[in-house]
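Given next are the chains, with one letter for each unit.
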Amino acid sequence: MTVRAKKHLGQHFLKDEQIASDIANTLTEKGYDTVLEIGPGMGVMTKYLLEKKYTTHVIEIDTESVEYLQNTYLNLTPRIISADFLKINITDYFEDQFAIVGNFPYNISSQIVFKTLEHRDRIPEFSGMFQKEVAQRIAEKKGSKTYGILSVLAQAFYDVEYLFTVPPTVFNPPPKVDSGVIRMLRKEDYSLPVDEKLFFRVVKTAFGQRRKMLRSSLKALNLSDSLRETELFTKRPEQLSVEEFINLTSLIEQDAH
Ligand code: SAH
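Basis of the calculations
- Residues numbered from 1 in each chain as written.
- Predicted model: local features only at pLDDT ≥ 70, side-chain atom pairs only at ≥ 80, totals over all residues.
- Heavy atoms only, no water.
- Domains from an automatic or database assignment.
- Contact = heavy atoms within 4.5 Å.
- Buried area = accessible area lost by both parts, 1.4 Å probe.
- Salt bridge = Lys/Arg side-chain N within 4 Å of Asp/Glu carboxyl O.
- Nonpolar A, V, L, I, M, F, W, Y, C, P; charged D, E, K, R; others polar.
- Phe/Tyr/Trp six-rings, centres within 6.5 Å; stacked < 30°, edge-to-face > 60°.
- Helix = DSSP H or I, 4+ residues; strand = E, 2+ residues; numbered from the N terminus.
- Buried < 20%, exposed > 50% of the residue type's maximum accessible area, 1.4 Å probe, protein only.
- Lys NZ or Arg CZ within 6 Å of the ring centre and 35° of its normal.
- Axes fitted to C-alpha atoms, helices over the stretch in contact; angles between N-to-C directions.
- Left-handed = near helix turned anticlockwise from the far one by under 90°.
- Core = buried A, V, L, I, M, F, W, Y, C linked by side-chain atoms within 4.5 Å.
- Parallel < 35°, antiparallel > 145°, perpendicular 65-115°, else oblique.
- Polar contact = N/O pair within 3.5 Å; in protein donor to acceptor, adjacent residues only side chain to side chain.

Caption draft 1: Highlighting the domain arrangement of the protein chain. The domain boundaries assigned to the protein chain delineate domain 1 (7–186) and domain 2 (196–256). For domain 1 versus domain 2, the distance between C-alpha centres works out to 32 Å. In this complex, domain 1 contributes 13 residues to the contact, which on the side of domain 2 involves 15 residues. Both faces considered, domain 1 and domain 2 share a buried interface measuring about 1200 Å² in area, 69% of it formed by carbon and sulfur atoms. On inspection of domain 1 and its partner domain 2, the count reaches 2 salt bridges. Linking glutamate 244 and lysine 142 is a salt bridge whose minimum nitrogen-to-oxygen distance equals 3.4 Å. Split into classes, the residues belonging to the side of domain 1 that touches domain 2 amount to 6 nonpolar, 4 polar and 3 charged.

Shown next as structure tokens:
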């Protein structure tokens, strides 16, 4: 018995054992004893995770896949969470540091990264496979068209590395696009020297109108004229590095009205 791929759940099962093992091996195994695999499907990668010294948990939304896993990996059964990763309260399941890995469902992959960023205090490492364009976007530096909210927010807290590209032919069914594998390692000091909520807001607001100069896209933040007339505010968001976004947030924090 195997699981029939369901499109609405983003199911593209890996059929290449080597690649499944390569993705499992992207984890450094440093700084945690627990790993959570998101979307294990039929467990092609899970079996490699189970060989490691850390404890593997999985979360899977598809009950047919869950049943398959229960029948196939008997020892894993108590650590199968049959639920939607985007809906669970992470702190209900994990008290300590844990890493995330997966061949992620591409329809929700950005949301998976955002949820990881929200819980960065528990997640020292995150690696896995995305649609190539999304993987590149997360790792992208300033000045590129694909540089955006995901790039800045992820790189503010994590060192992001694009590892390798995977062709559609190794999946069943094959997706229409190439895939890319990345690893994010949380920075040693991942606290920002500014109000982190404001930082998120500045980045999201600026990229909300990415073609505009900051002096007009950031109007909603109610800034003083003298601040909006500085040179920095004639830039567009894709021209700012992560560091510059942090400096910008600091200037906004100190802005006197
Ligand atoms: N890792 C497997 C399957 C990848 S396909 C392999 O490489 O073969 C993506 C998997 O994510 C599917 O099994 C799908 O059911 C699961 N999935 C989709 N949305 C999910 C969600 N919100 N939470 C948890 N799992 C999800």
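Caption draft 2: Local environment of the packing of aromatic side chains. Evaluation of the coordinates by the stated rule reveals 9 aromatic pairs. Residues phenylalanine 157 and phenylalanine 200 carry aromatic rings whose centres are separated by 6.0 Å and whose planes lie at 25° to one another, so their mutual orientation is stacked. Residue phenylalanine 157 is found in helix α7 (residues 149–157), and its partner phenylalanine 200 is found in helix α8 (residues 196–208); the two are separated by 43 residues along the sequence. Phenylalanine 200 sits in the buried class, given a relative accessible area of 18%. Arranged with centres 6.4 Å apart and planes meeting at 85°, the rings of phenylalanine 199 and phenylalanine 200 form a pair that is edge-to-face. Since its relative accessible area comes to 0%, phenylalanine 199 is described here as buried. An aromatic cluster is built from Phe104, Phe126 and Phe130, whose rings are joined through pairwise contacts. It is lysine 115 that lies over the ring of phenylalanine 85; its NZ or CZ is 5.2 Å from the centre.

Caption draft 3: Molecular detail of the packing of helix α5 (residues 109–118) against α7. Packing of α5 against α7 brings their axes to within 11 Å, and their N-to-C directions diverge by 30°. Our pair here, α5 against α7, has a crossing hand that is left-handed. Residues Ser110, Val113, Phe114 and Leu117 of α5 touch α7, and the partners they reach there are Ile149, Leu150, Leu153, Ala154 and Phe157. In the contact of α5 with α7, the residues fall into 8 nonpolar, 1 polar and no charged.

Caption draft 4: Main features of the nonpolar core. Within the largest apolar cluster, 54 residues are counted, with the highest numbers of intra-cluster contacts made by Phe130, Ile138, Phe199, Leu218, Phe245, Leu248 and Ile252. With 7 residues, α8 is the single largest residue contributor to this core. Inspection of this core shows a minimum of three residues originating in each of domain 1 (7–186) and domain 2 (196–256). Excluding its chain neighbours within four sequence positions, the residues that come into contact with isoleucine 252 are Leu198, Val202, Leu218, Leu221, Leu223, Leu227 and Phe233. Judged by nonpolar contacts, the second largest core, of 21 residues, contains Ile19, Leu49, Val170 and Val181.

Caption draft 5: Structural view of the packing of α8 against helix α11 (residues 242–254). Where α8 contacts α11, the two axes come as close as 9 Å, and the packing angle between them is 110°. Regarding the angle of α8 to α11, the classification is roughly perpendicular. Residues Leu198, Phe199, Val202, Val203, Ala206 and Phe207 of α8 form the contact with α11, whose own contacting residues are Phe245, Ile246, Leu248, Thr249, Ile252 and Glu253. Residues belonging to the contact of α8 with α11 are distributed by class as follows: 10 nonpolar, 1 polar and 1 charged.

Caption draft 6: Main features of the pattern of salt bridges. Overall, the coordinates contain 12 salt bridges when judged by the stated rule. The salt bridge involving glutamate 64 is made with lysine 6; its shortest N-O contact spans 2.7 Å. Separated by 58 residues along the polypeptide, glutamate 64 in helix α3 (residues 63–72) and lysine 6 in the segment before β1 (13–14) bring together distant segments of the chain. Here glutamate 238 ties to arginine 210 by a salt bridge, and the two come within 2.7 Å at their closest N and O atoms. Note that glutamate 238 is positioned in the loop between α10 (225–228) and α11 and arginine 210 in the loop between α8 and α9 (214–217), a separation of 28 residues in sequence.

Caption draft 7: Focus on the environment of tyrosine 158. Looking at where tyrosine 158 falls in the secondary structure, it is placed in strand β7 (residues 158–166). Overall, tyrosine 158 belongs to the buried group, its relative accessible area being 1%. For the pair tyrosine 158 and leucine 185, spaced 27 residues apart in sequence, the C-alpha to C-alpha distance is 5.1 Å. With sequence-adjacent residues up to four places away left out, tyrosine 158 is seen in contact with Thr116, Leu117, Arg120, Ile123, Pro124, Met184, Leu185, Arg186 and Lys187. A polar contact of 2.6 Å, which involves the side chain of tyrosine 158, links it to the backbone oxygen of isoleucine 123.

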